[in-house]
Amino acid sequence: MPLKSSAEDLIPPRPTLPALKSAAADCQACDLWKTGTQTVFGDGSRRANVLFIGEQPGNEEDLTGKPFVGPAGKLFDNALGDAGIDRKQTYVTNVVKHFKWEPRGKRRIHKKPNAVEIAACRPWLEAEIALVKPEVIVALGATAAQALLGPKFRVTKQRGEFIESTLAPYVMATVHPSSILRAPDDETRRLEYRRFVDDLKKLAPARAGAVIK
Ligand code: URA
Ligand code: SF4
């Protein structure tokens with residue numbers, strides 16, 4: 001049997017974002033393409049100075065083909081607005097680009113991607129970062145943070161701090177917006193939302209290219 005082609009082999013030489021996106025539409029580098037509706041590639045401005053990275057598309061993203069458009073995406077949009085950031089000037093993507101799920105009744109329940117899937121999908125993320133060359137990268141949640149900053153990274157301890165990294169001049173991790181949706185009560189949710197917005201506000205000087213280290 002021929003080897004499954006790796007995502008690396010699908011990346012066109014000197015790609016543009018649209019060329020990358022259309023190449024990724026045919027990716028079969030891990031098994032998730034079989035159960036996902038479509039590849040959900042990153043979306044946003046080629047000239048973005050902030051690049052956000054989530055975990056993987058959810059149900060609505062799988063159906064629409066766009067990242068962060070479901071409930072977590074709506075919360076994310078509100079928080080960006082409250083932090084004074086225009087989403088259209090950012091680039092938003094995920095560590096893994098197919099929705100991984102398991103059935104629960106008629107619903108499709110999100111399942112965490114494993115290390116093999118994260119590694120298989122990584123060339124797409126690296127190609128996006130190489131093209132956009134953002135001033136700041138923000139990992140949303142532990143999956144993205146650990147994929148970028150190593151398995152020992154703890155979002156609970158290190159959220160909102162700029163971390164030394166070769167990926168971009170400024171790299172930060174914060175919580176995943178869906179963790180705020182899962183808060184046990186309204187008061188916790190309000191508090192967690194405010195902390196999330198506060199982390200996003202810290203991006204302002206880095207986005208402006210100022211030295212903040
Ligand atoms: N959660 C993510 O991590 N990414 C999305 O695109 C949507 C929900
Ligand atoms: Fe390819 Fe990533 Fe989809 Fe796996 S999840 S098939 S590596 S695009």
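Before reading further, recall that the structure is shown in the block above.
Outline the overall build of the protein, supporting the account with residue identities and numerical values.
When helices and strands are tallied, the protein shows 10 helices and 8 strands. Here the C-alpha atoms of the protein give a radius of gyration of 17 Å, agreeing with the 17 Å that 2.2 N^0.38 yields for 213 residues. Taken along its principal axes, the extent of the C-alpha atoms in the protein is 50 × 45 × 30 Å. Taking the intrachain contacts of the protein between residues at least 6 apart in sequence as the baseline, contacts between residues at least 24 apart amount to 73%. Summed over its atoms, the accessible surface of the protein is roughly 11,200 Å², and 54% of this surface lies on carbon and sulfur atoms. Across the protein, the 33 positively charged side chains and the 25 negatively charged ones have centroids separated by 1 Å.

Lay out the pairing of strand E5 (residues 107-110) with the relevant residues and their values.
The pairing of strand E4 (residues 101-104) with E5 spans 4 bridges and is classified as antiparallel. Within E5, the residue paired with tryptophan 101 across the bridge is histidine 110. The hairpin turn running from E4 into E5, its antiparallel successor, is 2 residues long, and glycine 105 in that turn takes a positive phi close to 60 degrees.

Please provide a residue-by-residue account of the environment of glycine 160, values included.
Position of glycine 160 among the secondary structure elements: in the loop between helix H7 (155-158) and strand E7 (162-163). For glycine 160 and proline 12, which are 148 residues apart along the polypeptide, the C-alpha to C-alpha distance reads 35 Å. Setting aside anything within four residues of it in sequence, one finds glycine 160 in contact with Met172, Ala173, Asp199 and Lys202.

I'd love a proper account of the site of ligand 1, names of residues and values included.
Near ligand 1 the following residues occur: Gly54, Glu55, Gln56, Pro57, Gly58, Glu61, Pro67, Phe68, Asn94 and His176. A distance of 2.8 Å is found between an oxygen atom of ligand 1 and a backbone nitrogen or oxygen belonging to glutamate 55. Residue histidine 176 places a side-chain N or O atom 2.7 Å away from an oxygen atom belonging to ligand 1. Coverage of ligand 1 by the protein amounts to 92% of the 230 Å² it exposes when considered alone. One can see that ligand 1 is located within the largest pocket. For the shell around ligand 1, the class distribution of residues is 3 nonpolar, 5 polar and 2 charged.

Hey, could you go over the site of ligand 2 for me, with residue numbers and the actual values?
The environment of ligand 2 is made up of Cys27, Ala29, Cys30, Trp33, Val96, Lys97, His98, Ala120, Cys121 and Trp124. Comparing atom positions with the cavity grids shows ligand 2 to sit within the largest cavity.

Requested: an account of the layout of surface pockets, with residues and values cited.
In this structure, the largest pocket occupies an estimated 980 Å³ of space. If you go around the largest pocket, you meet 37 residues; those closest to its centre are His110, His176, Ser178, Ser179 and Arg182. Contributions of two or more residues to the lining of the largest pocket are made by helix H3 (59-64), helix H4 (71-82), E5, helix H6 (142-149), H7, helix H8 (177-181) and helix H9 (186-201). Across the lining of the largest pocket, the residue classes break down as 13 nonpolar, 13 polar and 11 charged.

Run through empty space enclosed by the protein, naming residues and quoting values.
Think of a ball as big as a water molecule: rolled over the atoms, this probe shows where empty space is left. Here the structure, examined in full by the defined rule, presents 1 cavity of 30 Å³ or more. Approximately 110 Å³ is the volume found for the largest cavity. Every residue lining the largest cavity is counted, 14 residues in all, and those nearest its centre are Cys27, Ala29, Cys30, His98 and Cys121. Here the lining of the largest cavity gets 3 residues from one element, more than from any other, and that element is helix H5 (residues 115-132). The residue makeup of the lining of the largest cavity, split by class, is 10 nonpolar, 3 polar and 1 charged.

Just give me the short version of the packing of H5 against H6, but keep the residues and values in it.
When two helices pack together, their arrangement is captured by the angle between the axes and the distance separating the axes. Contact geometry for H5 and H6: axes closest at 12 Å, N-to-C directions at 75 degrees. As judged from the angle between their axes, H5 and H6 are roughly perpendicular. Where H5 abuts H6, its residues Ile118, Arg122 and Leu125 lie against Thr143, Ala147 and Leu148.

The rules behind the values
Here the residue numbers are simple positions, counted from 1 along each chain's written sequence. As a convention, the first chain written is A and the first ligand written is 1, with the rest following in written order. For a predicted model such as this one, the threshold for reporting local features is a pLDDT of at least 70, and the threshold for listing and counting side-chain atom pairs is 80 or more; totals across whole chains, interfaces and linings nevertheless cover every residue. Hydrogens and waters are ignored; side-chain quantities use all the structure's heavy atoms. Helix and strand labels come from DSSP, where a helix needs a run of H or I of at least four residues and a strand needs a run of E of at least two; each type is numbered from the N terminus. Atoms considered for the radius of gyration are the C-alpha atoms alone. The globule rule reads 2.2 Å times the number of residues to the power 0.38. Contacts are residue-level and defined by heavy atoms, with any inter-residue pair within 4.5 Å sufficient. The Shrake-Rupley method, run with a 1.4 Å probe sphere, supplies the accessible areas, and residue values consider only the shown protein chains as cover. Only four residue types enter the tally: Lys and Arg on the positive side, Asp and Glu on the negative side; His and the chain ends are excluded. To locate a charge, take atom NZ for lysine, CZ for arginine, CG for aspartate or CD for glutamate. Should DSSP find at least two bridges between two strands, the strands are regarded as paired. If a single non-hydrogen atom of a residue is within 4 Å of a molecule or strand, that residue counts as near it. We define a polar contact as two N or O atoms separated by no more than 3.5 Å, with the added condition that, inside protein, one atom must be a possible hydrogen donor and the other a possible acceptor, whereas residues neighbouring each other in sequence contribute only through side-chain atom pairs. Whether a set of points on the 1 Å grid over the protein atoms alone is a cavity depends on a 1.4 Å probe fitting there but being unable to get out, while an open set qualifies as a pocket with protein on both sides within 12 Å along at least five of seven lines; lining residues are those with an atom within 4 Å of a point. A molecule is counted as occupying a cavity or pocket when more than half of its atoms fall within 2 Å of that pocket's grid points. Gly counts as polar in this scheme, as do all residues outside two lists: the nonpolar Ala, Val, Leu, Ile, Met, Phe, Trp, Tyr, Cys and Pro, and the charged Asp, Glu, Lys and Arg. Grid points are joined across faces, edges and corners, and a volume is the space filled by probe spheres set on the points. Think of each axis as a best-fit line through the C-alpha atoms, taken over the contacting stretch in the case of a helix, with angles from 0 to 180 degrees between the N-to-C directions. Should an angle lie under 35 degrees it is considered roughly parallel, over 145 roughly antiparallel, and from 65 to 115 roughly perpendicular; all remaining angles are considered oblique.

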